[in-house]
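# Reading the structure
These are the residues of each chain, in order.
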Amino acid sequence: MASATYASVLLRSHLRSLAPLPKDELGALKRAVSELGAIGRNLNQIARAANQGARVGGIGQDEFRAILKICEALRGHTKSLIKANAASWSSGNAEPSD
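Below or above, wherever it landed, is the structure these notes cover. (Residues numbered from 1 in each chain as written. Predicted model: local features only at pLDDT ≥ 70, side-chain atom pairs only at ≥ 80, totals over all residues. Heavy atoms only, no water.)

### Brief notes about the overall build of the protein chain
Within the protein chain one finds 3 helices and 0 strands. Each of the 98 residues in the protein chain was classed as buried or not, and the buried ones make up 23%. For the protein chain, restricting intrachain contacts to residue pairs at least 6 apart in sequence, the fraction spanning at least 24 positions comes to 67%. If you sum the accessible surface of the protein chain, you get close to 7,200 Å²; carbon and sulfur atoms cover 57% of it. (Helix = DSSP H or I, 4+ residues; strand = E, 2+ residues; numbered from the N terminus. Buried < 20%, exposed > 50% of the residue type's maximum accessible area, 1.4 Å probe, protein only. Contact = heavy atoms within 4.5 Å. Areas by Shrake-Rupley, 256 points an atom, 1.4 Å probe, with all protein chains shown as cover.)

Next comes the structure, spelled out in structure tokens:
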């Protein structure tokens, strides 16, 4: 992150009592959400095949369901973080209501 950008984010964060993520970090979170969605879809396909009687080596159905649930929860929390970040940026641009 460039020095001027860092200083701007730091000042804005302190003046507005916000903690917005820099653009690169927000982009990384969005990519992580996308990857978690792909992992969840793959696990769902494996779990579906296991439920239909296909031979799936390694872990059982209960473990697949647990992993899928964890991925969905992590994706949901990450999406919430991104939404909160976007809201903090837009609310930080509003004029103070004195």
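Additional details are given in the paragraphs that follow.
### Some details on helix 2 (residues 23-51)
Given 3.6 residues per turn, any residue in an α-helix points the same way as the ones three and four places further on. If you check helix 2, its first and last C-alpha atoms are 42 Å apart, about what 29 residues at 1.5 Å a residue would give, namely 42 Å. What helix 2 keeps buried is the set Leu 26, Gly 27, Leu 29, Val 33, Leu 36, Gly 37, Gly 40, Leu 43, Ala 47 and Ala 50. Two residues or fewer after helix 2 comes Gly 53, characterised by a positive phi angle close to 95 degrees. (Expected span 1.5 Å × (residues − 1).)

### Here's the deal with the environment of Lys 79
Along the chain, the position of Lys 79 falls in helix 3 (residues 61-92). For the pair Lys 79 and Leu 29, spaced 50 residues apart in the sequence, the C-alpha separation amounts to 8.3 Å.

### A word on the pattern of salt bridges
Under the definition given, this model contains 1 salt bridge. When the shortest N-O distance is used, the salt bridge between Asp 62 and Arg 65 registers 3.7 Å. Taken together, the residues Asp 62 and Arg 65, both in helix 3 and 3 residues apart, mark about one turn of the helix. (Salt bridge = Lys/Arg side-chain N within 4 Å of Asp/Glu carboxyl O.)

### Topic: the nonpolar core
Leu 43, Ala 47, Phe 64, Leu 68 and Cys 71 form the largest nonpolar core, which has 5 residues in total. Elements that contribute at least two residues to this core include exactly helix 2 and helix 3. Broken down by element, the residue count for this core peaks at 3 residues, all from helix 3. Leaving out residues up to four positions away in the same chain, Leu 68 has contacts with Gly 40, Leu 43 and Asn 44. (Core = buried A, V, L, I, M, F, W, Y, C linked by side-chain atoms within 4.5 Å.)

### Observations regarding the side chain of Thr 78
Looking at where Thr 78 falls in the secondary structure, it is placed in helix 3. By relative accessible area, which is 10% here, Thr 78 ends up buried. Beyond its immediate sequence surroundings of up to four residues, Thr 78 is in contact with Leu 29, Val 33 and Leu 36.

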